[in-house]
Amino acid sequence: MKSLSMNIAAYFLLLFCAFAFLSSPVFTTETCEYPALFNFGDSNSDTGSISAAFASWSPPNGDAFFGRPSGRVSNGRLVIDFLAESLGKPFLHSYLDSMAANFSHGASFSTSGSTITEPKYLFPAYFVPRGWSPFPLYVQFTQFTQFKDRSEMIYNEEPNFKYTVPKKEHFSKALYIIDVGQNDIGMGLFTNDSIEAVKASVPDMMEGFKAHVKGIYSLGARTFWIHNTGPIGCLPYILTNFPVSDKDTDSAGCSIPHNEISKHFNYKLKEAVYQLRRELPSSAITLVDIYSVKYSIYKDAKSLGFKEPLKACCGYGGKYNYGDNFTCFSSETSKTINGKKITLKSCENPRERISWDGIHYSEAADKIVFDRISTGAFSDPPNTPPSMACSSSQY
């Protein structure tokens, strides 16, 4: 009888634990309904800000999907585009778009060349890596603040335009995506900071990052989808400008010391996110390991159908088909170099290249990135896809 009682007690204890386990938000099957998406960051998710503010990108940008330059530094769609599609939303207009923009489903504040910290110098007549955006993260936050205030005003006072902006209650239910930091690392390197000096500057980046997440939270945001930074040591513009010896090159051909900066940044970002979770108790913050996903593409390039994984599809010059003096990250379509007129064009098959222009990924690579992160396999908390980020528990 005693044994039977113990077995019954153990059964109910197990049942209780299983119920608590399965009812935890981490394991909930609830699908989030996001009425809007708001995106912050750099060129990895810029859907048209720099193009709207200055000059549109030249062909062949956009050729693979849009058939023309689309404001994205890519031959097609970005990770943010695939994310929006997966959640049943149209592609996000840039906040700076002034022509036929509909912001009822959200907006993108991401801007190519943007940093977390104060830019050391701004774009000259041509673009990065020799200059940085006048729209760093703190400016994007200011733009979002204005966007939120004006949306409420327009919705309440301008009946002819109320359907072009989000409803007031949509801001607290939206998904907030952030992908920024790569340019802070690049800015340090291109202003002659040593690798150790760049690493030492990461805590300042994190302070700025946390301050702006808290600012967005204070305006009603609750659900965040945050990307860490990718392996900068695999990008042609880094490999070209900062060549390393064979002993500092890994089996994928990437620069080990430069990738160590990305890893250090990501370690500190994880610490920052954990601190934000403690300080913002009503938040649901998912941290996504973009680094591991992107690096795996270089490691598995052959099996994924990529050829010459470290070589830019669109570019001019050198081992990696990249040169700072003429890139597809430009509004120019042709240029005379050493007395020869050069017109930039896409490689024969962009689907076989990881890098589009030496700095940014091709649509084919970005599609793989999204497909892998969309499962939740690279999320913290574990098993959190974008569609369930609103119910993720960090505790």
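This one's a predicted model, so the numbers in the text were calculated from it and none came from an experiment. (Residues numbered from 1 in each chain as written. Predicted model: local features only at pLDDT ≥ 70, side-chain atom pairs only at ≥ 80, totals over all residues. Heavy atoms only, no water.)

*Asks:* How would you explain the pairing of strand β3 (residues 175–179) if you had to name every residue and give the values?
*Replies:* Across the five residues of β3, five count as buried, placing the element largely inside the fold. Burial along β3 is two-sided: the face carrying Leu-175, Ile-177 and Asp-179 and the face carrying Tyr-176 and Ile-178 are both buried. When strand β1 (residues 37–41) meets β3, the two strands line up parallel, connected through five bridges. Note on β3: the bridge partner recorded for Phe-38 is Tyr-176. In terms of strand pairing, β3 meets strand β4 (residues 223–227) through five bridges, oriented parallel. Residue pairing for β4: Ile-178 is matched across the bridge by Ile-226. (Buried < 20%, exposed > 50% of the residue type's maximum accessible area, 1.4 Å probe, protein only. Helix = DSSP H or I, 4+ residues; strand = E, 2+ residues; numbered from the N terminus. Pairing = 2+ DSSP bridges.)

*Asks:* Pulling in residues and values, what's your account of the nonpolar core?
*Replies:* Core analysis: the largest hydrophobic core is formed by 93 residues, its most contacted members being Phe-38, Phe-40, Tyr-176, Phe-209, Phe-224 and Ile-226. With seven residues, the single largest contributor to this core is helix α8 (residues 202–218). Setting aside residues up to four positions removed in sequence, Phe-224 forms contacts with Leu-175, Tyr-176, Ile-178, Val-213, Ile-216, Tyr-217, Ala-284, Ile-285 and Thr-286. Judged by nonpolar contacts, the second largest core, of nine residues, contains Cys-313, Cys-314, Ile-337 and Cys-347. (Core = buried A, V, L, I, M, F, W, Y, C linked by side-chain atoms within 4.5 Å. Contact = heavy atoms within 4.5 Å.)

*Asks:* Report on the confidence of the model for the protein, specifying residues and quantitative values.
*Replies:* Overall, the predicted model of the protein reaches an average pLDDT of 90, with 90% of residues at or above 70. Under a pLDDT of 50 for its full length, residues 1–6 has, in the predicted model, zero contacts with residues more than four places off or in other chains. The model gives residues 8–28 a pLDDT under 50, and that stretch makes 11 contacts with residues more than four places away or in other chains. (pLDDT = per-residue confidence, 0-100.)

*Asks:* Pulling in residues and values, what's your account of the environment of Leu-287?
*Replies:* With respect to the helices and strands, the residue Leu-287 is situated in strand β5 (residues 284–288). Residues Leu-287 and Ser-379, 92 residues apart in the sequence, show an inter-C-alpha distance of 5.8 Å. Setting aside chain neighbours within four positions, we find Leu-287 in contact with Ile-226, Asn-228, Leu-269, Lys-270, Val-273, Arg-277, Phe-378, Ser-379 and Asp-380.

*Asks:* Account for the state of the cysteines, naming residues and giving values.
*Replies:* Covalently bonding the sulfur atom of one cysteine to the sulfur atom of another cysteine gives a disulfide. Inspection of the entire model under this criterion finds four disulfides. At a sulfur-sulfur separation of 2.1 Å, the disulfide partner of Cys-313 is Cys-347. On the sign convention where negative means left-handed, the S-S torsion of about -100° between Cys-313 and Cys-347 marks this disulfide as left-handed. Taken together, the residues span a long stretch of sequence, with Cys-313 in the loop between α11 (290–299) and β6 (334–337) and Cys-347 in the loop between β7 (340–343) and α12 (363–373) at a distance of 34 residues. Grouping residues by exposure puts Cys-313 and Cys-347 together as buried. Here Cys-314 engages in a disulfide with Cys-328; their sulfurs sit 1.6 Å apart. With Cys-314 in the loop between α11 and β6 and Cys-328 in the loop between α11 and β6, this residue pair connects regions lying 14 residues apart in the sequence. Each of the two residues, Cys-314 as well as Cys-328, counts as buried. Counting only the cysteines that take part in disulfides, in the order they occur along the protein, gives the pairing 1-8, 2-3, 4-7, 5-6. (Disulfide = S-S within 2.5 Å.)

*Asks:* How would you sum up the packing of α8 against helix α10 (residues 256–279)? Please name residues and give values.
*Replies:* One way to put it is that α8 packs onto α10 with a least axis distance of 10 Å and a crossing angle of 35°. Where α8 crosses over α10, the two elements pack in a sense that is right-handed. Residue-level inspection shows Val-202, Met-205, Met-206, Phe-209, Lys-210, Val-213 and Lys-214 of α8 in contact with α10, the latter providing His-264, Phe-265, Lys-268, Leu-269, Ala-272, Gln-275, Leu-276 and Glu-279. Tallied by class, the residues present in the contact of α8 with α10 amount to nine nonpolar, two polar and four charged. (Axes fitted to C-alpha atoms, helices over the stretch in contact; angles between N-to-C directions. Left-handed = near helix turned anticlockwise from the far one by under 90°. Nonpolar A, V, L, I, M, F, W, Y, C, P; charged D, E, K, R; others polar.)

*Asks:* Let's hear about the sheet that holds strand β8 (residues 379–380): which residues, and what values?
*Replies:* Here six strands make up an open sheet; going across it, the order is β2-β1-β3-β4-β5-β8 and the pairing mixed. Strand pairing shows two members of the sheet lacking a second neighbour, β2 (106–108) and β8, which therefore form its edges. Here five bridges tie β4 to β5, and the two strands are oriented parallel to one another. Within β5, the residue paired with Phe-224 across the bridge is Ile-285. The strands touched by α10 are β4, β5 and β8; relative to β5, the strand with the most contacts, the crossing angle is about 170°.

*Asks:* So, helix α6 (residues 182–190): which residues are in play, and what are the values?
*Replies:* Burial of α6 is extensive: nine of the nine residues sit out of reach of the surface. Every buried residue belonging to α6 is among Gln-182, Asn-183, Asp-184, Ile-185, Gly-186, Met-187, Gly-188, Leu-189 and Phe-190, and all of these are buried. Summarising the contacts, the buried residues of α6 are in contact with α7 (195–200), α8, α9 (236–241) and α10.

*Asks:* Go over helix α3 (residues 79–86) with me, naming the residues and quoting the values.
*Replies:* For α3, a buried count of six out of eight residues is recorded, marking the element as mostly surrounded by other parts of the structure. Buried within α3 we find Val-79, Ile-80, Asp-81, Phe-82, Leu-83 and Ala-84. Tucked inside the fold, the buried residues of α3 contact β1, β3, β4 and α12. Just beyond α3, the residue with positive phi is Gly-88, at close to 75°.

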